[in-house]
Amino acid sequence: GAIYVAFALGLAFAFGMLVIFGIVGYVQTDSATLDFVLRSLLAPLAWYGVTRAATASMRGRAGAVAATIWIVGSVIVGLDQSHVLGGVFGFIVSALDKINPMYYFQLTFDDKGQNKTMVQSMVAGIAGLSVLAVVGYAAALAQWRRLEA
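As the structure is a computational prediction, the values presented were derived from the model and not from experiment. (Residues numbered from 1 in each chain as written. Predicted model: local features only at pLDDT ≥ 70, side-chain atom pairs only at ≥ 80, totals over all residues. Heavy atoms only, no water.)

The next point concerns the side chain of Asp97. Position of Asp97 relative to the elements: it lies in helix α4 (residues 87-97). It is Lys98 that comes nearest to the buried, bridge-free Asp97 among opposite-charge side chains, at 5.8 Å. Leave out the neighbours within four places in its chain, and Asp97 touches Ile76, Val77, Asp80, Tyr103 and Met118. (Helix = DSSP H or I, 4+ residues; strand = E, 2+ residues; numbered from the N terminus. Buried < 20%, exposed > 50% of the residue type's maximum accessible area, 1.4 Å probe, protein only. Lys, Arg positive; Asp, Glu negative; His and termini not counted. Salt bridge = Lys/Arg side-chain N within 4 Å of Asp/Glu carboxyl O. Contact = heavy atoms within 4.5 Å.)

Attention shifts here to the layout of surface pockets. Estimated volume of the second largest pocket: approximately 200 Å³. Those elements giving two or more residues to the lining of the second largest pocket turn out to be α2 (31-55) and α3 (62-82). The biggest single contributor to the lining of the second largest pocket is α3, with four residues. For the lining of the second largest pocket, a count of residues per class yields nine nonpolar, two polar and no charged. (1 Å grid on protein atoms, 1.4 Å probe; cavity = no way out; pocket = protein on both sides within 12 Å on 5 of 7 lines; lining within 4 Å. Points joined across faces, edges and corners; volume = space filled by probe spheres on them. Nonpolar A, V, L, I, M, F, W, Y, C, P; charged D, E, K, R; others polar.)

In this model helix α6 (residues 122-148) runs 39 Å from its N-terminal to its C-terminal C-alpha over 27 residues, within 8% of the 39 Å that 1.5 Å per residue would give. Residues of α6 that are buried: Gly125, Gly128, Leu129, Leu132, Ala133, Gly136, Ala140 and Gln143. Those residues of α6 hidden inside the fold are in contact with α2 and α5 (101-105). Where α6 begins, the capping side chain belongs to Ser121, and its oxygen is found 3.4 Å from the backbone nitrogen of Val123. (Expected span 1.5 Å × (residues − 1). Polar contact = N/O pair within 3.5 Å; in protein donor to acceptor, adjacent residues only side chain to side chain.)

Any two side chains of opposite charge can pair if their charged atoms end up close together. Enumeration over the complete set of coordinates arrives at one salt bridge. For Asp35, the salt bridge goes to Arg39, with nearest N and O atoms at 2.6 Å. Of this pair, Asp35 and Arg39 both sit in helix α2, four residues apart, which is roughly one turn of the helix. The pair Asp35 / Arg39 is uniform in exposure class, with both members buried.

If you walk through the whole model with that rule in mind, you get three aromatic pairs. Considering the side-chain rings of Trp47 and Trp70, the 4.3 Å spacing of their centres and the 10° angle between planes classify their relative orientation as stacked. Highlighted residues: Trp47 in helix α2 and Trp70 in helix α3, separated in sequence by 23 residues. The exposure class assigned to Trp47 is buried, which follows from its relative accessible area of 8%. Considering the side-chain rings of Tyr103 and Tyr104, the 4.9 Å spacing of their centres and the 90° angle between planes classify their relative orientation as edge-to-face. (Phe/Tyr/Trp six-rings, centres within 6.5 Å; stacked < 30°, edge-to-face > 60°.)

Here it is as structure tokens:
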């Protein structure tokens, strides 16, 4: 819930600034706006699921591991998008990127404002983020139950 409250406050602040400076009339929306909003709502939940799954059985190093996951996720998506690595290493990076929320969310745009996201399909992007969130939460719950037993 707190993730969504923070997201809503950020949007309200941004919209308020547009109104204050009188440029809200220049804001345009299209079909990509819905894609961006839905992925923006799901990406924090996917990251939370992945970090919980990776750190649920840890006692004291969970913060360091969660921070490392962010760094590794950024590097992996960059390597996969650049296609620098080939052969077996390229396959491994590509496979790891499929369990990386940034793969489904990372939005990049070219000079013309066209979306160049790795996963172009809105349905595939939303499905990927949803699966990562659900599987991450389930894996974390399973680990917590095992620790309590």
